[in-house]
Amino acid sequence: MVKRREPTARQLRLATELRRLREAAGLNARQAAALLGVAPAQITHIESALAGVSEQRIRRMASHYACTDTEFIDALVAMATDRTRGWWEEYRGLLPTAFLDLSELDHYSSFLREVSILFVPGLLQTEDYARAVFSSRVPELTPEELELRVRYRMARQAIGTPYEVIVHEAALRIRVRDRATSKAQLNRLLDLSQADHVTLRVIPFDLDGFSRASSTMTYAGGPVPKLDTVVRDAPHGSVFIDSEAQLDAYRKRFRKVKDVSLDPERSRDFIHGLTKEL
């Protein structure tokens, strides 16, 4: 058995869910291995995403673990057996793994929800806006690294996944570069807000009730709710959150933000008003 050197976030999620199933059944790795007729080390490798797992073995695991949620099991099988080589793989070894994991998550998501406070989300950025954002990184990127990131970000935007995004007025007003860049970005938002798969809402500064619902987040829907994922930015990179309790908390948080945001039509009017100021 060849061990993986660097599992993807999707492979790690599959491993996590298999471990959770075993633990919910009250079995340790040695007991599970005995039921499956394999060495305990193989269970360890599967549950740490260092080794793949077949459809047959997943279904045997589910049976031994007394999991009867067929839709969930089928989703795990699909995760284990899919051999898609996504467009993001051309960047492997060139960009940090977190970039690729995010694109993989985009690709397999049934829907995307995002709240952005200080910057226009990457899926909606113009090329000049993206270049300005990446140019502000510390340590500074080389010209080659900068252009690679911009090219990747533009490629990532080619998705048709239902996308519901809430952007704070702060992100719309902050000039990452100059007036021309900001105006072009606002016009880009107006254009994208008309796309069938995009629902754009704005939170103005003077709107009441924002308070605790003020954190940036990306919520990605899985094939079943148990496989939803939240992505949060952290100083060391993106953090993928998948515990049921935390997912439920972020679902509620998104609903709170949505409740105090402008509806899509009023949001377009608001952004149009900002363009006139520039």
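Here goes a summary of the coordinates provided. (Residues numbered from 1 in each chain as written. Predicted model: local features only at pLDDT ≥ 70, side-chain atom pairs only at ≥ 80, totals over all residues. Heavy atoms only, no water.)

## Section: the layout of surface pockets
Using the following cut-off: A 1.4 Å probe that fits into a set of points on a 1 Å grid over the protein atoms alone but cannot get out defines a cavity; an open set with protein on both sides within 12 Å along at least five of seven lines defines a pocket, and lining residues are those with an atom within 4 Å of a point. Grid points are joined across faces, edges and corners, and a volume is the space filled by probe spheres set on the points. Numbering goes from the N terminus for both helices and strands, where a helix is a DSSP run of H or I of at least four residues and a strand is a run of E of at least two. Residues are grouped as follows: nonpolar covers Ala, Val, Leu, Ile, Met, Phe, Trp, Tyr, Cys and Pro; charged covers Asp, Glu, Lys and Arg; every other residue, Gly included, is treated as polar.
When its volume is computed, the second largest pocket comes out at roughly 570 Å³. Considering the residues around the second largest pocket, the lining is formed by 24 residues, among which Arg4, Thr8, Gln11, Asp82 and Glu104 are closest to the centre. Residue assignment for the lining of the second largest pocket shows that the elements contributing at least two residues are helix H1 (9-24), helix H5 (70-81) and helix H6 (97-108). A per-class count over the lining of the second largest pocket returns eleven nonpolar, four polar and nine charged.

## Observations regarding empty space enclosed by the protein
Considering all chains together, one arrives at one cavity of 30 Å³ or more under this definition. In this structure, the largest cavity is lined by Val120, Tyr129, Ala171, Leu172, Ile174, Ser182, Gln185, Leu186 and Leu189. Looking at the lining of the largest cavity, the elements with two or more residues in it are helix H9 (169-173) and helix H10 (179-192). For the lining of the largest cavity, the element with the highest residue contribution is H10, accounting for four residues. Counted by class, the lining of the largest cavity contains seven nonpolar, two polar and no charged residues.

## Thoughts on the pairing of strand S4 (residues 217-221)
Threshold: To sort residues, take the accessible area from a 1.4 Å probe on protein chains only and compare it with the maximum for the residue type: under 20% means buried, over 50% means exposed, and anything in between is partly exposed.
Among the five residues in S4, five count as buried, and that is most of the element. Of the two faces of S4, the one holding Met217, Tyr219 and Gly221 and the one holding Thr218 and Ala220 are both buried throughout.

## Focus on helix H2 (residues 29-36)
Definition in use: What the arc describes is the spread of directions from the helix axis to the C-beta atoms. Every residue pair with non-hydrogen atoms within 4.5 Å of one another is taken to be in contact. Any N or O atom pair separated by 3.5 Å or less is treated as a polar contact, with the protein-specific requirement of one donor-capable and one acceptor-capable atom, and with residues adjacent in sequence counted only for side-chain atom pairs.
The set of residues buried in H2 consists of Ala32, Ala33 and Leu36. An end-on view of H2 places all buried positions within 100° of arc, on one side of the element. Those residues of H2 that are exposed and angled more than 90 degrees off the buried face are Arg30 and Ala34. Buried positions along H2 lie against H1, helix H3 (40-47) and helix H4 (55-64). For H2, the capping residue at the N-terminal end is Asn28, with a side-chain oxygen 3.1 Å from the backbone nitrogen of Arg30.

## Considerations on the nonpolar core
Basically, it comes down to this: To qualify as a nonpolar core, a set must consist of buried Ala, Val, Leu, Ile, Met, Phe, Trp, Tyr and Cys residues joined through side-chain atoms within 4.5 Å.
Leu124, Tyr163, Leu172, Leu189 and Ile271 are the most contacted members of the largest nonpolar core, which has 36 residues in total. When contributions to this core are tallied by element, the ones reaching two or more residues are H6, helix H7 (127-135), helix H8 (143-156), strand S2 (163-168), H9, H10, strand S3 (198-203) and helix H12 (264-277). When residues no more than four places from it in sequence are discounted, the contact partners of Leu189 are Val120, Leu124, Leu172, Leu200 and Ile271. In this structure, Leu14, Leu18, Ala62 and Ile73 belong to the second largest nonpolar core, which totals 25 residues.

## Side note on the side chain of Thr229
Within the element layout of this structure, Thr229 appears in strand S5 (residues 229-234). Using a relative accessible area of 7% as the deciding quantity, one classes Thr229 as buried. A polar atom in the side chain of Thr229 sits 2.9 Å from the side chain of Arg13.

## A look at the environment of Val231
Its location among the elements puts Val231 in strand S5. Setting aside chain neighbours within four positions, we find Val231 in contact with Leu102, Leu105, Met217, Thr218, Ser238, Val239 and Phe240.

## Things to note about the packing of aromatic side chains
The description of an aromatic ring pair uses the distance of the two centres, along with the angle that the planes make with each other. Here is the rule: We call Phe, Tyr and Trp rings a pair once their centres come within 6.5 Å, taking the six-membered ring for Trp, and we label the pair stacked below 30 degrees between planes, edge-to-face above 60, and tilted otherwise. For a ring to carry a charge above it, either NZ of a lysine or CZ of an arginine must fall within 6 Å of the ring centroid while also lying within 35 degrees of the normal to the ring plane.
What the rule picks out here adds up to six aromatic pairs. Between Trp87 and Tyr91, the aromatic rings sit 6.0 Å apart at their centres with planes inclined by 90°, giving edge-to-face as the arrangement. The exposure class assigned to Tyr91 is buried, which follows from its relative accessible area of 2%. Ring geometry for Phe99 and Tyr152: centres 5.3 Å apart, planes at 65°, overall edge-to-face. With Phe99 in helix H6 and Tyr152 in helix H8, the pair connects residues that are 53 residues apart, well separated along the chain. The buried category is assigned to Phe99, whose relative accessible area is 16%. Taken together, the ring pairs connect Trp87, Trp88, Tyr91, Phe99 and Tyr152 into an aromatic cluster. Positioned over the ring face of Tyr108 is Arg10, at 3.5 Å from the centre of the ring. Looking at Lys226, its charged tip hangs above the ring of Phe72, at a distance of 4.7 Å from the centre.

Any functional reading would require information beyond the geometric quantities listed.
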